[in-house]
Amino acid sequence: MTNIKELEKPLMDCNQKYIVVGIVGPFCSGVSTIAQYIASKFDVTRLSLAKHVKDVGKKADIINILKREKNKCGFFDQTQERQILQSIGNYICKDNSAHLAEQISSKINLNESTKSYIVTGFRRFAEVTHFREKFGDKFFLIGVEALSKDRVERFKEQNIGSNLNEESFYFEDERDRNEYSLPHGQSVSQCYYSADYFIHNPQCNTPLLPFNLTYETQGHIDRFFDIIQSKEKPSPSSVVSRK
């Protein structure tokens, strides 16, 4: 890992005013939260592969049908809904692992854009590959780092009052990371380790901070987008690069 200089050069040299920034990370690392923070503070367009999967599920009424069946005999929790969405995503991508990425990237036209784009929901390495091939050096992938203990705490906070526990977390985390038995399965771990830059997102214990992000995490995000938007050489910060 190197310092901010490794981050500055590709961003400053990019001849496109607006770029595409992908965000990827393990289960409960805070990818969606960071995307929300960015969208609230910077003039960007937010897109999500996961939302596309959810929209497909809603259109086919798959989730509601399964919820009704489950409610006849017991509790339907967020983990079960997540498992359904994972299976829908796998089905959509069974003949083409990059299908979701192609659907989302078709909505992006940097030559006519007045904003940069934030894209979340990467689950398959083919999706990252598609974005790199289509947008070249105008695509940057951020990996969100978080300790397992912090991710477990977030999972518990999100599921207060449910019957979900730490075992449920690790089951979901493993499926997210390593569905290598399926050629079109999820491989978040592979996507994550292919990231260009990493931002650490520890558990925030300071009340009332925006989006429950630490000052340090906010500073890393702000510096990245300040470089993009100003195209001026920034002062050093602790944002780091892996490459």
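Residues numbered from 1 in each chain as written. Predicted model: local features only at pLDDT ≥ 70, side-chain atom pairs only at ≥ 80, totals over all residues. Heavy atoms only, no water.

A few points about the nonpolar core
One broad trend across soluble globular proteins is that nonpolar side chains are buried collectively. Grouped together as the largest cluster of nonpolar side chains are 29 residues, with contacts concentrated most on Val20, Ile108, Val119, Phe122 and Phe131. Broken down by secondary-structure element, the contributors of at least two residues to this core are strand 1 (20–24), helix 3 (49–59), helix 5 (78–92), helix 6 (99–105), strand 3 (116–120), helix 7 (125–135), strand 4 (139–145) and helix 10 (188–193). Sorting elements by how many residues they give to this core places helix 5 first, with four residues. Once residues within four sequence positions are removed from consideration, Val20 is found in contact with Ile108, Leu110, Tyr117, Val119, Phe131, Phe135, Lys138, Phe139 and Phe140. Residues Val31, Val144, Tyr197 and Leu213 belong to the second largest nonpolar core, which totals 21 residues. (Core = buried A, V, L, I, M, F, W, Y, C linked by side-chain atoms within 4.5 Å. Buried < 20%, exposed > 50% of the residue type's maximum accessible area, 1.4 Å probe, protein only. Helix = DSSP H or I, 4+ residues; strand = E, 2+ residues; numbered from the N terminus. Contact = heavy atoms within 4.5 Å.)

Quick word on the confidence of the model for the protein chain
Confidence in the prediction for the protein chain averages 79 pLDDT; 74% of positions are at 70 or higher. Taken together, the stretch residues 72–76 has pLDDT below 50 and engages in ten contacts with residues farther than four places along the chain or on a different chain. In this model, residues 233–242 is a region of pLDDT below 50 whose contacts with residues beyond four sequence positions or in other chains number 31 contacts. (pLDDT = per-residue confidence, 0-100.)

Digging into unusual backbone geometry
The phi dihedral of Cys28 falls on the positive side, at around 65°, and the residue is not glycine. Position of Cys28 relative to the elements: it lies in the loop between strand 1 and helix 2 (31–41). Judged by its relative accessible area of 11%, Cys28 is buried. Residue Asn212 is not a glycine yet carries a positive backbone phi of 60°. By secondary structure assignment, the location of Asn212 is in the loop between strand 5 (197–200) and helix 11 (215–230). The class of Asn212 is partly exposed, set by a relative accessible area of 38%.

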